[in-house]
Structures are given as C-alpha cells and as structure tokens.
Amino acid sequence: MLDVFMTQNYTKYSPVKNNIASILYLYEVAAIPGNIREQYLQKILKRKNAEHQKNVMLINFIYERIENGNLYDWDSAEICRKLKVSYNTYRFHKSNFLDGLRKYYFLPDKSSSNPDKTALNNQDTESEFYDAKLKFSAGMRKEAKLIFLKLAARLRKEKLNSLNILIASEIYEHLLIYYYNQHDLLRYNRYLAETKRLVDYLNKRKIVLSKQQTALIKARYYTAMGRKFGLNLVNDSSYTNKLNNYKLAYKEAAKAANYEYLTYVLFHIGEVYSVLGSSSVAMNYYRKGYDIASKRKLPAVKYGFKALMISESNNKKKDGSGKLVNNLAECWAQVKRYGYNSYWFQVVSILYSNCLISVDEEKRKEVNKELVNYLFLRSVPGRAIKILYADKTGERNYVKWELLRNEKGGFLSPGEVNYSFVYELENLVKYITSHYHKISFLAGKIKINLDLLFIEFLKGKKINFEYALLLINRIKWGLRDKKLLVRFDSFRLLEIAFSMLENHGFMSRREFLYKYCRKFEELSDFCLGSKDENPLYVYLIISLTAKWIGYSELTDIAAKKYRIIEINFPNHIKAAIDEIKNNCRE
C-alpha cells in the first residue's frame, strides 16, 4: 500500500528524468575533494541509527554514482522509489546534504554556527553583511547571494546614509558579479540600476563620505557598466563602450587608492585591448598592474599579471612552447598558493590550459579538471560546462573502434556507439543552448548546431529527421554570411548522410545509388582534403552511413577512404590503434 502511495505521490510531481539540474547538482558534489566528502559522511554516521536514515541512503547513492564516474543517467524517479519518499522529500534531503557539505568544506571552523553572531540581533544589517562577505570570499557564492538579496531588500526601504550607502554599494557589486557569471541579464540590469541610483544620490545629496569612498562607489558602477557589454558582445561598438566604461572605472579606482580594485580594472582594460589586437597597449596595462601588485605586496595579483604578460608576449613573439609552459606553470603554482579563492586562479588556469594544447594533454586535463571543480564550487556553472564541452568535443570518443582484417589487410571499423559519451555531450550542448542562447559569435552558433546534428546522426535508427532538418536549416542560414572566416566542411557530408539514411528505404537500390553514390564519394574526398577536419571524424561519418545502409558499393567507398587516411594521416590511425591495444590490456 505504501509503495502504491509513494508512486502516486511521485507521479503527481512528475520530475524530469536525467534533467540538467540533477547533473549540475552531481557535478557540484563531485567538485568537493573525495576525502572531505568521506569525512562529512563519517560525521553524519555518528548519529544513532544513521545508516538506516533516508538522507544517508541518498548520500550513498550519490557517492556511488560519482565513484563510478557516471553522472548522466541519474533517474530521480528511480531514486524516489528506492528511498520510498515523495519527490519533495527527496529534494529536501538533496538540498540539505549539499548545503551541509559545502559549509563543511568552505568553512570547517564555522560548520555549526558562529558564536560571535548568535548573540547579535537577527536584524543587525552590518553583522549579516560581514557574514555574507566571509562566505562569498570563501567561495560560498550561492549561500552569500541569499543573504545579500535579503539585505538589499531591507536597505531599499531604509533612508540612505553614510554607512548603509557603502554597504549597499558592496552588496550590489557582489550580486552583479554573481548574476554576470550566471548570464542573467535581467537581474544584472536590476542591480545595475540600483548601483546607478546610489551614484545619482551621491551627486545630488550631501553624504558624509570621504573622496576615496565616493570614488570607489563610482568605480564599481563604471566597472559594472563595462561588464554588462561583455554579456552580449555583438559588434565593435560593444567593445568600445566596454573599454570606455572600464577607463572611467580606472580613473575613479585611482582616486579611491584601492589597489586591489585598481588592478582588477587594469586587467579588464588590458584584456579588451588584447582581444582587439592592440597587443602593445595591452602589455602596458598588464605591466602597470604588475608594478602596482609588486609594490603593494599582492602576490596572487602579481603572478596573475605575470602570466598575462608572458602569454601576450608569446602571441607577439611566438616563443618556444617549452619555455612558455614552464613560465606559466610557475605562475599557476604561485596563484594556487597565494590566491586560490580569487578570480586570478581562473585567469591563470585558462592561460596555462591553452598553452598545454598539443604539448601535454595529461597535464592540460589535470588543470582543466581543477578549474572546472573551482568553477562549479563557486557557482559559475556556465563557464565550467563550456570547458567540459570543449574537452568532450576534442576527445571525439564517439564510438568504440575495432581493428578488423580483410583481404587487403587490417583496418579500423566503428563498432558500438558510445552512447553514454554521446548522451553526456548532448546534455552539455543543451545546457549551453538553453542557458546561454545569446552566443555572441556566429561561428559559435554554427559549431553548436553542427555538434547537435552529429549527435543526432549517431542515434542511427532512432534519428529524428524533423529535428535534423531544423538543425540543417539553421546551419545553412549561418553559412550564408560572407564574413564568416571559419570553414565547416564536414557539414556538407553530414547533410547528404542524413538524406541517404532517410530515403534509402523509399527508393530502389539502383535509383538510390544513381542519386547518391557519386556525390557521397566526392564529398568524402572533399572533407578528407580539408585541413580543418579530423580525418577519423570524417571516416566515422562515411563508414557509419555505409554500415547502416548496408550496400556494398558504399562500404567499398568507406574502404577506399580508409586506405587514403592510412597513407596520408598515419599518426591518426596509429593513435586509434594504440588506444584499442591499451583498452585490451585493461
């Protein structure tokens, strides 16, 4: 009877299986070091009969999934049935567990309650503000955001004075940073307007503030204005507006004599100049930031600017990769030592990871893993997902390759499609498209649609041809832009592959081959001749299309193209064969 009730109760809420929210939740838990997770579980197990409690059973389910490295087939309905709880109770236990685990990790000395705060009145704005600042600086941005929102609502009702105008300015700045990282333009604009209200108030009313305090409030406003244009960079005027606001922020930050904030603005000005191709100007701003950080003893900032100068100099002079890697490795180690919680860790990690491409793949994965964990823990899921997405598309681990033999010798053949990998990649792409639909660059939009099209292709007999046609039309629309500098040669091959898979059941063999065979071979040769395409990726499309249709004329084309790859791209073949042999040893 209980099981029937629980099933009905669960059905009432009808949670989505394998939804992206559950996946992001598991990533957040997995980002916390394994030894900390285990310590936290042992702490809970000290309670009487803890091992039989629902929340402990849920924790064990979560830990088991993380240990197996399988975060993409989490079934909320199945977990509810195993725990025999309603969906609301399941969500309550999930939320409580993550909140407790994060507090245990970030603030181990304050994991119960802060004795200095309990004696104070709950309405003590200043006390709550400093508590939220502590959490935000430690990395608990989600938790700090809730306190900041409460305080912002309270301050909005109060009359502004010299104390609460300073507190309000800093609260809005933290909320603006949080919503910028979430790409939430609506809420970002809301607190940008609140920051502007403070600046207007200072210009109209006499508030007893020092010149430095007034300048800092204005610097925060101009920085937020510059950052806003980064949410949707669509043309050169966006960069101009962004740069102009950052320069105004720099002038005010200099008046405020707040050197950490001054270096923060210098970094953003240099970054914009670097993107615009003005390398020498960018270097001047980076060098100025480095000098300030050295003089004012800001070690994390110092090594951050050092990494920026090294990277910018390499872009100009094209120094040897070995020297570049060693120099950035030193900066990365120093920033981890002095400022792991600061945004400089993120800046240097990205620079270091980029220089490791094609130099040391294992080290690059290590750096990216630490960066992704850092971003998930500090509530920057969008950037973390983009890094995971780039890594996954770079792996191209779509199928399990097999080494077969025929009368012409050995050859690689795509075996079973790696559906867990494909599903993981699909979720990453869907997260980007649903939460970050305002992708600035046309090439980025085409790339994402092309990845979705390839994922749909890998579904074989379960292809949704209507959805595929929608993606094809989107890509065609993007490719009409004559200013597009990036080539997407494989699209033409994928397009004909979908047409062949859709129509081969409705045409005679003779008609089908007459219509498609020659065109398919020409496009195969065209893609294999492209410098922008991975030959094994192209071969995968050719061979799977031939395999699924089953005509010998097409499998002969696939065999011929493999021999071309074998002659012209032996390193790709060798890498795939070595991977097969390593998997066999395991």
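Residues numbered from 1 in each chain as written. Predicted model: local features only at pLDDT ≥ 70, side-chain atom pairs only at ≥ 80, totals over all residues. Heavy atoms only, no water.

Participant: Even after reading the chapter, I still don't get the overall build of the protein chain, so can you show me in this structure?
Facilitator: A count of helices and strands for the protein chain gives 28 helices and two strands. Entry remark: accessible area of the protein chain is about 30400 Å², with carbon and sulfur atoms responsible for 51%. (Helix = DSSP H or I, 4+ residues; strand = E, 2+ residues; numbered from the N terminus. Areas by Shrake-Rupley, 256 points an atom, 1.4 Å probe, with all protein chains shown as cover.)

Participant: Please clarify how the packing of aromatic side chains should be interpreted in this entry.
Facilitator: The relative placement of two aromatic rings is captured by the distance of their centres and the angle of their planes. All told, the structure shown has 36 aromatic pairs when counted by the stated rule. For the ring pair Trp-332 and Tyr-352, a centre distance of 5.5 Å and an interplane angle of 45° mean the geometry is tilted. Here Trp-332, found in helix α17 (residues 321–339), pairs with Tyr-352, found in helix α18 (residues 343–356); they are 20 residues apart in sequence, far enough to count as distant. Members of the aromatic cluster, connected to one another through ring pairs, are Tyr-261, Tyr-264, Phe-267, Tyr-286, Phe-305, Tyr-343 and Trp-344. Seen from the ring of Phe-526, Arg-492 lies directly overhead, with NZ or CZ sitting 5.0 Å from the centre. (Phe/Tyr/Trp six-rings, centres within 6.5 Å; stacked < 30°, edge-to-face > 60°. Lys NZ or Arg CZ within 6 Å of the ring centre and 35° of its normal.)

Participant: Quick question: what am I supposed to make of the side chain of Lys-218 here?
Facilitator: With respect to the helices and strands, the residue Lys-218 is situated in helix α12 (residues 211–229). Discounting chain neighbours no more than four positions away, the residues touching Lys-218 are Val-199, Asn-203 and Glu-252. (Contact = heavy atoms within 4.5 Å.)

Participant: How should the environment of Ile-269 be read in this particular structure?
Facilitator: Its location among the elements puts Ile-269 in helix α14 (residues 259–275). You can call Ile-269 buried: its relative accessible area is 0%. Each C-alpha atom of the pair Ile-269 and Lys-242 lies 8.7 Å from the other, and the pair is 27 residues apart in sequence. Residues contacting Ile-269, with those up to four places away along its chain left out, are Leu-243, Tyr-246, Lys-247, Tyr-250 and Tyr-285. (Buried < 20%, exposed > 50% of the residue type's maximum accessible area, 1.4 Å probe, protein only.)

Participant: I tried to follow the side chain of Glu-170 on my own but got confused; where do I start?
Facilitator: Along the chain, Glu-170 turns up in helix α10 (residues 164–181). Sequence-distant contacts of Glu-170, that is, excluding residues within four places in its chain, are made with Phe-129, Lys-133 and Arg-220.

Participant: Sorry if this is basic, but what is going on with the pairing of strand β1 (residues 399–406) here?
Facilitator: Side-chain direction in a regular strand flips from residue to residue, so the side chains alternate between the two faces of the sheet. Bridge count between β1 and strand β2 (residues 409–417): seven bridges; the pairing is antiparallel. The residue bridging Asn-406 from the neighbouring strand is Gly-409, located in β2. Here β1 hands over to β2 after two residues, the two strands then running antiparallel side by side. (Pairing = 2+ DSSP bridges.)

Participant: Would you take a moment to explain the environment of Lys-103 for this structure?
Facilitator: As for its placement among the helices and strands, Lys-103 is situated in helix α6 (residues 87–106). Exposure remark for Lys-103: the relative accessible area of 24% places this residue in the partly exposed category. Along the chain, Lys-103 and Met-140 lie 37 residues apart, while their C-alpha atoms are 7.8 Å from each other.

Participant: What is the right way to look at the nonpolar core in this model?
Facilitator: What tends to happen in soluble globular proteins is that the nonpolar side chains get buried as a cluster. Formed by 158 residues in total, the largest nonpolar core has its most connected members in Ile-62, Tyr-398, Leu-453 and Phe-457. Element by element, the count of residues in this core is highest for helix α26 (residues 535–549), at 10 residues. In this structure Phe-457 touches Ile-463, Leu-494, Ala-497, Phe-498, Leu-501, Ile-541, Leu-544, Thr-545 and Trp-548, once residues within four positions along its chain are discounted. If you look at the next biggest cluster of nonpolar residues, it comprises 35 residues, including Ala-132, Ile-165, Tyr-178 and Tyr-179. (Core = buried A, V, L, I, M, F, W, Y, C linked by side-chain atoms within 4.5 Å.)

Participant: How should helix α5 (residues 76–83) be read in this particular structure?
Facilitator: Note that an α-helix has 3.6 residues per turn; residues three or four places apart therefore point the same way. Inspection of α5 places Ser-76, Ala-77, Ile-79, Cys-80 and Leu-83 among the buried residues, and these make up the whole buried set. Each buried residue of α5 sits inside an arc of 165° when the element is viewed along its axis, so together they form one side. Structurally, the start of α5 carries an N-cap: the backbone nitrogen of Ala-77 is 3.1 Å from a side-chain oxygen of Asp-75. One or two steps after α5, the chain reaches Lys-84, where phi turns positive at roughly 60°. (Arc of directions from axis to C-beta. Polar contact = N/O pair within 3.5 Å; in protein donor to acceptor, adjacent residues only side chain to side chain.)

Participant: How should the packing of helix α8 (residues 125–138) against α10 be read in this particular structure?
Facilitator: A pair of packed helices is captured by two measures, namely the crossing angle of their axes and the spacing between those axes. α10 packs onto α8 with a crossing angle of 30° between their chain directions and a minimal axis gap of 11 Å. When the axes of α8 and α10 are compared, the pair comes out roughly parallel. Two packed elements cross with a definite hand, and for α8 against α10 that hand is left-handed. Across from Glu-126, Phe-129, Lys-133 and Phe-136 in α8, the residues of α10 making contact are Ile-167, Glu-170, Ile-171, His-174 and Ile-177. By residue class, the composition of the contact of α8 with α10 is five nonpolar, one polar and three charged. (Axes fitted to C-alpha atoms, helices over the stretch in contact; angles between N-to-C directions. Parallel < 35°, antiparallel > 145°, perpendicular 65-115°, else oblique. Left-handed = near helix turned anticlockwise from the far one by under 90°. Nonpolar A, V, L, I, M, F, W, Y, C, P; charged D, E, K, R; others polar.)

Participant: Would you take a moment to explain the confidence of the model for the protein chain for this structure?
Facilitator: It should be kept in mind that the predicted coordinates are not to be read in detail where pLDDT is low. Averaged over all residues, the pLDDT of the protein chain equals 84, while 88% of them reach at least 70. Predicted confidence in the protein chain is weakest over helix α1 (residues 2–13), with a mean pLDDT of 38, and strongest over helix α15 (residues 279–295), with 95. Under a pLDDT of 50 for its full length, residues 1–18 has, in the predicted model, 24 contacts with residues more than four places off or in other chains. Confidence drops under a pLDDT of 50 for residues 112–122, and excluding neighbours within four residues, the segment shows seven contacts in the predicted structure. (pLDDT = per-residue confidence, 0-100.)

Participant: I tried to follow the environment of Asp-525 on my own but got confused; where do I start?
Facilitator: If you trace the backbone, Asp-525 turns up in helix α25 (residues 509–528). In this structure Asp-525 comes out as partly exposed when scored by relative accessible area, which is 37%. Each C-alpha atom, one on Asp-525 and one on Val-538, is 9.6 Å from the other, the two residues being 13 residues apart in sequence. Excluding its chain neighbours within four sequence positions, the residues that come into contact with Asp-525 are Lys-561 and Ile-564.

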